[in-house]
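What follows is the residue order along each chain.
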Amino acid sequence: MQLESIHVERFGCLHDFTTTFAPGLNVIRGPNESGKSTLHQALLMALMALPNQNKTTAEWCSWGSQQWYLLQLTFTDAEGNQYQLTKDFDHGSQELVLPNVGTTRSREHIEETVETVLGTRSLLMFQSTVCVRQDSLDRIADGRTEIAQSLETIVTGSEDDVYTAQALKRLDNAIRDFRKGFSRTAAQPGPLGRTRDEQIRLERLVTNYAATVQSQEADEQALEEAKNRLAEIGEELTPLTATWEQANRLREVQADFKKWAEAEQALESKLSQVRSAQREIDDAKAGLQTLGNITQLTESDVRKANDLASRIKALQEERANYETALEEYERELADHRRRQADYELAQAAYETQMATHEEAQANYQEAMEAYQAAVGQYEQDLAAYQEAWRPYEQALANQRGESEEYQSQLETYRQEYAAYEVELAEYERAKGEQDELLAEYEQAYEAYEQKLTEYENHRAEVEQSDAGGDVPGQRQPAAQPAQKRKPSGPTETTQVSAIRLVLIVFGMMIAITGVLVLALARSFLPAVALLVVGIAVFLASAWPMLRGNGNVSQKDRSKSEPARAKLAPEQLQATILERPKAPERPKLLLLTAPRSPVLPQPPVSTSEKLLAPDVQRPSPRDISKPVAPTEKAPLPPQPPPPPPTRPNFDEQRLAAAVAELQERLETMDCSTLAELNSRFAEAEAFRGRQNTARSRLEGLLGDSTVEALEQRRREASRQRRDAQEILEEPQLQQASRLTPITYNHLGTRITQLGTEKTELLEKRQRLQIKLEQQPISREQLLQAEEALESARLANARAQERIDVYELTHELLGLARTRTLKRAQERLGPQTAGYLGRLTRGRYQDAWIDSELNIELQDPAAPGQRVKPQYLSRGAQDQLYMAARLALVDLLFPQTRPPILLDDPFVHFDPERLAAAVDMCCDLAEERQILLFTCSDNYNHVGHHILMPGVQPVES
Amino acid sequence: MTRILHTADVHLDAPFHFLGEKGAAHRQQIRQTFGRIAALAAEEHYDLLLIAGDLFNDNHPSRDTQHFMLSRLAALPLPVCILPGNHDFLDRHSVYHRLALPPNVHLLAERPSYLPFPELDLTIAGNPIHKYFDDTPQLKSISRDDSSRWFVAVAHGNMQVPGPFAATSRPIEPQAIADTGADYVALGDWHTFADYSQAGVRAYYSGAPEPTSIAQTKTGTVSSVTLSENGISVTPLQVGAVSAGALELDVTGLSEAEVIAAIQAQAASNRILNVTLTGLKAADSLLDLETIYEATASDFYRLQLKDKATLGLEQIEPNEFPEAFVVGQYVRMLADRITEATDEREQRVAEQALQLGVALLKGHKVL
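Criteria and thresholds
- Residues numbered from 1 in each chain as written.
- Chains lettered and ligands numbered in written order.
- Predicted model: local features only at pLDDT ≥ 70, side-chain atom pairs only at ≥ 80, totals over all residues.
- Heavy atoms only, no water.
- Helix = DSSP H or I, 4+ residues; strand = E, 2+ residues; numbered from the N terminus.
- Buried < 20%, exposed > 50% of the residue type's maximum accessible area, 1.4 Å probe, protein only.
- Contact = heavy atoms within 4.5 Å.
- Areas by Shrake-Rupley, 256 points an atom, 1.4 Å probe, with all protein chains shown as cover.
- Phe/Tyr/Trp six-rings, centres within 6.5 Å; stacked < 30°, edge-to-face > 60°.
- Lys NZ or Arg CZ within 6 Å of the ring centre and 35° of its normal.
- Pairing = 2+ DSSP bridges.
- pLDDT = per-residue confidence, 0-100.
- Axes fitted to C-alpha atoms, helices over the stretch in contact; angles between N-to-C directions.
- Left-handed = near helix turned anticlockwise from the far one by under 90°.
- Buried area = accessible area lost by both parts, 1.4 Å probe.
- Salt bridge = Lys/Arg side-chain N within 4 Å of Asp/Glu carboxyl O.
- Nonpolar A, V, L, I, M, F, W, Y, C, P; charged D, E, K, R; others polar.
- Parallel < 35°, antiparallel > 145°, perpendicular 65-115°, else oblique.
- Polar contact = N/O pair within 3.5 Å; in protein donor to acceptor, adjacent residues only side chain to side chain.
- Expected span 1.5 Å × (residues − 1).
- Arc of directions from axis to C-beta.
- Patch = residues over 30% accessible without salt bridge, like charges linked within 9 Å, V, L, I, M, F, W, Y side chains within 5 Å.
- Lys, Arg positive; Asp, Glu negative; His and termini not counted.
- Charge placed at Lys NZ, Arg CZ, Asp CG, Glu CD.

### Remarks on the overall build of chain A
The secondary structure content of chain A amounts to 23 helices and 14 strands. Looking at chain A as a whole, 36% of its 955 residues are labelled buried. Pairs at least 24 residues apart make up 76% of the contacts formed inside chain A by residues separated by at least 6 positions. Carbon and sulfur atoms make up 50% of the accessible area of chain A, which totals about 57,500 Å².

The structure is reproduced here in structure tokens:
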């Protein structure tokens, strides 16, 4: 799209202004207040605004003009079709002249056309993208705004430099403040927590109040019911109580009647008993008078007479026992005398046996003492013997210990010797092989020397022949060294070998003998001597053989030369060029003969002969223990028991007792004791009856008298007659008609009612006291309920408010994410493209993340990214412009709307300004740019439009 | 000539949840108004005070209220006749059983009750309500009694006519009014003064002396009834101190300040105002009810605000919110939410969220 021209009437300070625009860069120049911003606004309103008269559009009416303004804009689309859009705000009309179609006034048609040509019909979108204001770059440059933030502000669609993240942060803060104290306690909770807490507090309060009031109302109801019931009980209880009282009076009088009748009867009975007792007392008194003196006796007198009779009887029994005991005494005395005689005989025998026994015992003691002396001597001898043998046994024990150690060493030696023999066999095998190789070599060498001799001879011959003939005399010395030394003759060699073989065998035999001596006789020194001698003989005789040929050394042999044979001239001629080659000496390994293990030396002590001490061991055989006498000592005889004692009896005591009893009976006028006892018992019976009757009489009368009893009987009779009269009264006659069952029912009912009344009275008093206290009034409950309703509403409003906040936050975040994501996908490559052109290739690549943060390829360090804040201010401006242009491409992918720059580079230094101008010129080759400025810095570039009153600058 | 002061639906000790903290004051106000009615009856020399149900809001009035009522009525030099209504119905726990009614106060306790007032040559008849939900016709078995010159029927129930208060419980058939043959039928239960005379039988709801809910915009009256040989006259007398009103305020194009001013124009200290905001709200301007309420509530006896204004999605100009921008995405997402909302609250939240988000993105100081 390209703007062609604009005509403005009565629009702000532009009363009548017309100008045309060129393709590319248009520099609209003029000082402040010259109308640049008015023209800028006129262009926007000519494109987007509805020609309505309202507060917003009224701001642009020219001062003092009675008419509203008119805006007429001519523009072309990408194909070059020209359109003319006129908006008459005075008449509220608009029209668009379309190419090849005509004129339309349809708002929808006009807006569609503008959208088609421009890419949007939204003033907001147009304004926030293609219009780059001076302060936008300043903010970036000053660090007040980051590029990402500025870009987000654009894609947010805000009219007031608000970006979505900022709005989300405000919402976060608001939600946090609103929710403060909701999930966790806080000193000053937010509205949500505060209203929730208040609602909970009031709900609890209402619950408590309601329960209390309900209880109070139940109490009131109960009190009312108690009062009613008390009234009912009162009504029922009055007649029942009257009847009950009459019946009770009847019962009381009946009880009185019964009581007095029973008293009268009892008193009569008592009086009868009194009279009977009096009669019994009189009869007993008469009976006693008939018994005479006997009644004077006391019970003690009678008891004494009876005691005396009992004592006489006991004395008579004692005398009979005495006689029986005397007979027994006589028999025992005879037995005693007989046992005494037996005892004396046994005593004599005992003393004889005892003497014999003591003699035998003395002999035994003597023998025993001798035996103990012999045993003591034997033990002394044995100790001396053991003392003499102790060193010998100690030495013998040491010798045995050393011998065991030696045996252990010898076993180790045997094992090592077996290993040595294996190694020796291996060594001999290897040595044999090497000897064979050496022998082959020597044979070959001999052949070589022979050939060499032949060759040299032949050569000498040739040389000689070449020199002019054979000179034997001259050649003889040369041939002399080549002659081989003759070995010893065969007879001499054989003799020496036989002697050596005999010596080897001899040495070996001596050594084996030494070993056998050591093994069998355990005699160390002779064995070692034999072994050393044997080995020495063996080595001395075997050494030359072990070293090889015993007749000729290799050295000698190597010095010998093969014998030369004469060759025919033709043969010499044929072999002259063939000098024999020496055989290659076989590589011999350095073989080391294994070392025989050292035979362990037997311990010195084992070889010493230990001499046993010359002490005879004592023998206990001559000591015999005496035999103790077997017979035991005799026992003495038991003496007989003592003789029996003779019994005694006093006859005078019996006679005295009989005389005393007789005397007493005579005193009491009784002939026998039985008569005394009978008469005394009869008197006692009369006295008993008399006392019993007296006691009964005293019990019946007590403190009273017979006269008093009679008086009481008469009183009881009078009371009984009075009660009888009361019972015959009419009201009691009526009460007497109540049956006992009815009476009981009546009593039960009155008791029930009385109990119930008491309980109700207590209940009434309790309820009255309780209700007078009334902790919570119904009015308090109602007020709490009303406050709760208010709190619920407030909480619901707070809940709704937080729902609004949270929904706003959720969807705003989602909208931001979607928008930034789309911008991120397409903004990066576009920005990089523009930036490369603006920086002339210095910056080629740009990356944009989901938050629209931009990073650039660091030209100084390939592969490294650099953030905008580390760029120079000029580079930041270039980056921002590139991002803005990329954003325009993003939002207007099809059209290329003109870019409106509101003096964005006004604060640039000359160098950056030059770069910016170059950038604009570069950009102007692709799209139209309208640069509004008050500066002369752009005089040399672009198409210039001068605001009214501005003089053109001379080039 | 006999003059009767007819009132009903006093609702002493009623809770007023819609009034919040002012509920206690309103209960006090109702007591004062009832005292004024009693005083009016005495001062204007009425012959009878007739209360057609719901003197108490329930059967558990406070002791203070009981004492207050009894003291006022006992002091009157005229008889009082009370019909128990559906709120203070006459069951075994009824408050009327606990009250020691003074001699000049008479209760219509039986179904039907015929109470003669010989000194007034008047008989009053009615059926007390014995339970809250009572479907029996309220004028059943009530017919003119010729034992006295004047016959007045009294009933507490719902007229069986179409209208805003139509209900089937406690029915009062129009024909039943005619069938009573009464000189006057005193009605109660509806809180607005209304004439339901039938076939020459004069029948009126006296209205409640004070509003008991925010929707009762025509309360505050009692009926002055004159029975004379010259005819029956019924006149409503204004006794209420508090009035209730409703305001539907179209907020289309109005700013918050303008809305506040419009509400304040209706302000009165004894006025209960139920304000409903209607019309269309702009996408980027928030009407904060809390702010509006705080600015205006103190000017009223009670103010209630309801926001029924809608965002008017069709009014939102898509060009104002291009889809390429965050604000465009946001508006479109919330427009979908508003359209798909399943209830009023969800829609309201989405609308407010749209307004809040747009306002935030435009840099308005809304948080």
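### Some remarks on the overall build of chain B
Helix and strand counts for chain B stand at eight helices and 17 strands. Expressed as a percentage of the 367 residues in chain B, the buried residues total 57%. In chain B, 69% of the contacts between residues at least 6 apart in sequence involve partners at least 24 apart. Carbon and sulfur atoms make up 50% of the accessible area of chain B, which totals about 14,400 Å².

### Things to note about the packing of aromatic side chains
In this structure the tally under the stated criterion is 23 aromatic pairs over all chains. Taking 5.4 Å as the distance between ring centres and 50° as the angle between the ring planes, the aromatic pair formed by Y417 of chain A and Y420 of chain A counts as tilted. Of this pair, Y417 of chain A and Y420 of chain A both sit in helix α9 (residues 299-467), three residues apart, which is roughly one turn of that helix. A relative accessible area of 30% places Y417 of chain A in the partly exposed class. Measuring from ring centre to ring centre gives 5.7 Å for Y196 of chain B and Y205 of chain B, while their planes differ by 90°; the resulting arrangement is edge-to-face. Aromatic ring contacts, followed pair by pair, group F11, W60, W68, Y69 and F89 of chain A into a single cluster. Over the aromatic face of Y46 of chain B sits the side chain of R3 of chain B, whose NZ or CZ is 4.1 Å from the ring centroid. The cationic tip of R149 of chain B hangs over the ring face of W150 of chain B; the distance from NZ or CZ to the ring centre is 3.8 Å.

### Some details on the sheet that holds strand β7 (residues 150-156) of chain B
Residue and element names in this part refer to chain B. Reading across the sheet, the six strands line up as β5-β6-β7-β10-β12-β11 and stay open at both edges, with mixed pairing between neighbours. Looking at strand neighbours, the two that pair on one side only are β5 (113-117) and β11 (194-195), the edges of this open sheet. Relative to strand β12 (residues 202-205), β11 runs antiparallel, the two sharing two bridges. Following the sheet pairing, A194 is matched in β12 by Y205.

### Structural notes on the confidence of the model for chain A
Averaged over every residue, the pLDDT of chain A is 82; the share at 70 or more is 90%. Here residues 548-568 of chain A scores under 50 on pLDDT; set against residues more than four positions off or in separate chains, the count is 48 contacts.

### Looking at the packing of helix α6 (residues 147-156) of chain A against helix α21 (residues 778-838) of chain A
Residues and elements named next belong to chain A. Put simply, α6 and α21 touch, their axes get as near as 11 Å, and they point 115° apart. Seen along the crossing, α6 lies across α21 with a hand that is right-handed. Contact residues: L151, E152 and V155 in α6; R816, T819, L820 and L827 in α21.

### Digging into the interface of chain B and chain A
Every contact between the two is made by 48 residues of chain B and, on the other side, 56 residues of chain A. Taking both partners together, chain B and chain A bury about 4,600 Å²; carbon and sulfur atoms supply 55% of that area. At the junction of chain B and chain A, the tally comes to eleven salt bridges. For E810 of chain A, the salt bridge is made with R337 of chain B, and the minimal N-O distance between the two is 3.5 Å. A per-element tally of the side of chain B that touches chain A places helix α8 (residues 344-361) of chain B first, with ten residues. Of the residues that constitute the side of chain B that touches chain A, the class distribution is 19 nonpolar, twelve polar and 17 charged.

### Quick word on the packing of helix α7 (residues 164-179) of chain A against α21 of chain A
Residue and element names in this part refer to chain A. At a minimum axis distance of 10 Å, the contact between α7 and α21 shows a crossing angle of 155°. Between α7 and α21, the angle falls in the class roughly antiparallel. Between α7 and α21 the crossing geometry is left-handed. Counted together, T164, A165, A167, L168, L171, D172, A174, I175, F178 and R179 of α7 and A798, R801, I802, Y805, E806, T808, H809, L812, G813 and R816 of α21 form the full contact between these two elements. In the contact of α7 with α21, the residues fall into eleven nonpolar, four polar and five charged.

### Considering the side chain of D183 of chain B
Residues and elements named next belong to chain B. Position of D183 among the secondary structure elements: in the loop between α4 (174-180) and β10 (184-188). Given a relative accessible area of 13%, D183 falls into the buried group. Reaching out from D183, the side chain makes a polar contact with the backbone nitrogen of F151 at a distance of 2.7 Å.

### Section: the pattern of salt bridges
Taken as a whole and assessed by the stated rule, the structure comprises 54 salt bridges over all chains. Measuring nitrogen to oxygen at the nearest pair gives 3.1 Å for the salt bridge that ties E651 of chain A to R319 of chain A. With E651 of chain A in helix α16 (residues 651-667) and R319 of chain A in helix α9, the pair connects residues that are 332 residues apart, well separated along the chain. We classify R319 of chain A as partly exposed; its relative accessible area is 31%. Each of E800 and D803 of chain A together with E344, R345 and R348 of chain B takes part in salt bridges that share partners, so that together they form one network.

### Topic: helix α3 (residues 107-118) of chain A
Residue and element names in this part refer to chain A. The end-to-end C-alpha separation of α3 is 16 Å, in line with the 16 Å expected for twelve residues at 1.5 Å each. Those residues of α3 not exposed but buried are I110, E111, T113, V114, V117 and L118. Projected down its long axis, α3 shows its buried positions confined to an angular sector of 160°, all on one face. For α3, the elements touching its buried residues are α1 (36-48), β4 (70-76), β5 (82-88), β6 (93-98), β7 (102-104) and α4 (123-130).

### A look at a negative patch on the surface
All names here are of chain B. A surface patch of like charges, here negative, comprises D336, E340, D343 and E346. With respect to the helices and strands, the residue D336 is situated in helix α7 (residues 326-340). The class of D336 is partly exposed, set by a relative accessible area of 45%.

### Remarks on helix α5 (residues 256-264) of chain B
Because an α-helix packs 3.6 residues into every turn, residues spaced three or four apart end up facing the same way. Inspection of α5 of chain B places V259, I260 and I263 of chain B among the buried residues, and these make up the whole buried set. All buried residues of α5 of chain B project into a common sector of 100° when viewed along the axis, lining one side.

### Focus on the confidence of the model for chain B
Looking at chain B, pLDDT values average 92 and 100% of them are 70 or higher. With pTM at 0.58, the complex prediction returns an ipTM value of 0.87.

### So, the side chain of Q824 of chain A
All names here are of chain A. Checked against the element boundaries, Q824 lands in helix α21. A polar atom in the side chain of Q824 sits 3.3 Å from the backbone oxygen of I848. For Q824, the residues in contact, after removing those within four places along its chain, are I848, D849, S850 and L852.

### A few points about the sheet that holds β4 of chain A
Residues and elements named next belong to chain A. Taken in spatial order, the six strands of this open sheet run β2-β1-β4-β5-β6-β7, and their pairing is antiparallel. Strands at the two margins of the open sheet, each flanked by one partner only, are β2 (14-20) and β7. On average, each strand axis in the sheet is tilted by 15° relative to the strand beside it, whichever way the strands run. Pairing of β5 with β6, which is carried by five bridges, proceeds in the antiparallel orientation. Directly across from L85, in β6, lies its bridge partner L96. The strands touched by α1 within the sheet are β1 (2-11), β2, β4 and β5, with β1 carrying the most contacts at an inclination of about 105°. Contacts from α3 reach β4, β5, β6 and β7, with the element oriented near 50° to β6.

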